[in-house]
Amino acid sequence: MRFRAKIVDLACLNHFSRVINTIAKLAKTCTLRLTVSKLYFILSDKVANGGVSMWCELCQGNFFDEFQIEGVAAEHNEIYLELVPENLSRALKTAQSAKAVKIKLSNKHCPCLRVAVELPSLSSSSRIVTHDIPVGVIPRRLWNDFREPSVTDFDVSIYLPVLKTMKSVVERMKNLSNSIVIEANLRGEMNLKIETDLVSITTHFKDLGNPPWASEDGGQSSTQGGDLEGMAEARIDIKKLQQLLAGQQVNPTKALCNIVNKKIVHFILLHEDVSLQYFIPALA
């Protein structure tokens, strides 16, 4: 098993750092899946037990100048590692003005991702700062636990309002309640509501638009042909929603959410070369 990669372009490096910072704010530990063309950061807390799930996908060609991988076997040219993203985020903080960053899977005393940051130097010799980030290698037999989560039949899919606006609304609401109801319909309307014994507050968003999803067979998805005005809703943990909004450092070009009524809210944030999916289960 081998992996080595190198980033030279400073803009790519800073963009990669922002992605890792976002992941670090969403997950204490996560799985890093490396394939020939992509990197995935995966958090698969069991949604059934009330945990959130995350699936973040990056095309390596948009970030790395060199990228070599030899997976566990020729037919399974992939590597799955468990890591604490905060450690990687910290290592990359030292790289803000770096000439190059090399990342390599090494196994001196224990499996590590070695991050070597080459810093500009006044003399002819360069300064290199090295960080060894401990990782766990996930055996092949467990890989199926890290499949992309799917939400097939959602009731409503809607574009999100400007995330900064949504974030400030949610931050104000979180002091009043532990849970928030997100509801939306196929008329591009979305409401954020909290209801307690003392207070009931709703923020309305209009004209958000609904994505033109169509199902595989060319027919319409379950949302079409239904009641346009009818709201699908889910009550979710407000802290988990706030975490998602507060952690955003990759300004998405598109942000949307799918709601399965009273079951789950599935957020999708798309940037040109990064996609982040985040699943928050409804509270009972």
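Within each chain, residues carry numbers counting from 1 in the order of the written sequence. Local features in this predicted model are restricted to residues of pLDDT 70 or higher, and side-chain atom pairs are both shown and tallied only at a pLDDT of 80 or more, whereas totals for entire chains, interfaces and linings draw on every residue. Hydrogen atoms and water are omitted, and side-chain values are computed over all heavy atoms in the structure.

A short note on the domain arrangement of the protein
Throughout, the edges of the domains are those of an automatic or database domain assignment. The assigned domain composition of the protein is domain 1 (2–145) and domain 2 (156–217 + 228–281). Averaged C-alpha coordinates put domain 1 and domain 2 at centres separated by 29 Å. Taken together, the contacts link 20 residues of domain 1 with 19 residues of domain 2. We define buried area as the total accessible area lost by two parts upon association, computed with a 1.4 Å probe and summed across both. In total, domain 1 and domain 2 occlude about 1,700 Å² of area from one another, counting both sides; carbon and sulfur atoms represent 60% of this. Note on contacts: a residue pair qualifies if any of its non-hydrogen atoms lie within 4.5 Å across the two residues.

As for the state of the cysteines
For the purposes of this analysis, a disulfide is any pair of cysteine sulfur atoms at a distance within 2.5 Å. Enumeration over the complete set of coordinates arrives at 0 disulfides. A disulfide-free cysteine, Cys59 has its sulfur positioned 11 Å from the sulfur of Cys56, the nearest such atom. Partly exposed describes any residue whose relative accessible area lies between the buried limit of under 20% and the exposed limit of over 50%, with all areas from a 1.4 Å probe on protein chains only and scaled to the type maximum. Given a relative accessible area of 30%, Cys59 falls into the partly exposed group. As a non-bridged cysteine, Cys110 has Cys112 as the owner of its nearest cysteine sulfur, 4.0 Å distant.

Some details on the packing of aromatic side chains
Stacked, tilted and edge-to-face are the three classes applied to pairs of Phe, Tyr and Trp rings, where Trp contributes its six-membered ring and a pair requires centres within 6.5 Å; stacked means planes under 30 degrees apart, edge-to-face means over 60, and tilted covers the rest. Counted by the stated rule, this structure contains 7 aromatic pairs. Centre to centre, the rings of Tyr80 and Phe146 are 6.2 Å apart; their planes meet at 45 degrees, and the pair counts as tilted. Of this pair, Tyr80 sits in strand S6 (residues 79–83) while Phe146 sits in the loop between strand S10 (136–137) and strand S11 (156–159), and the two are 66 residues apart along the sequence. Across the pair, Phe146 and Tyr80 agree in class, each one buried. Through a chain of ring-to-ring contacts, the aromatic side chains of Phe3, Phe16, Phe63, Phe64 and Phe67 assemble into a single cluster. Strands here are runs of E lasting at least two residues and helices are runs of H or I lasting at least four, both read from the DSSP assignment and numbered beginning at the N terminus.

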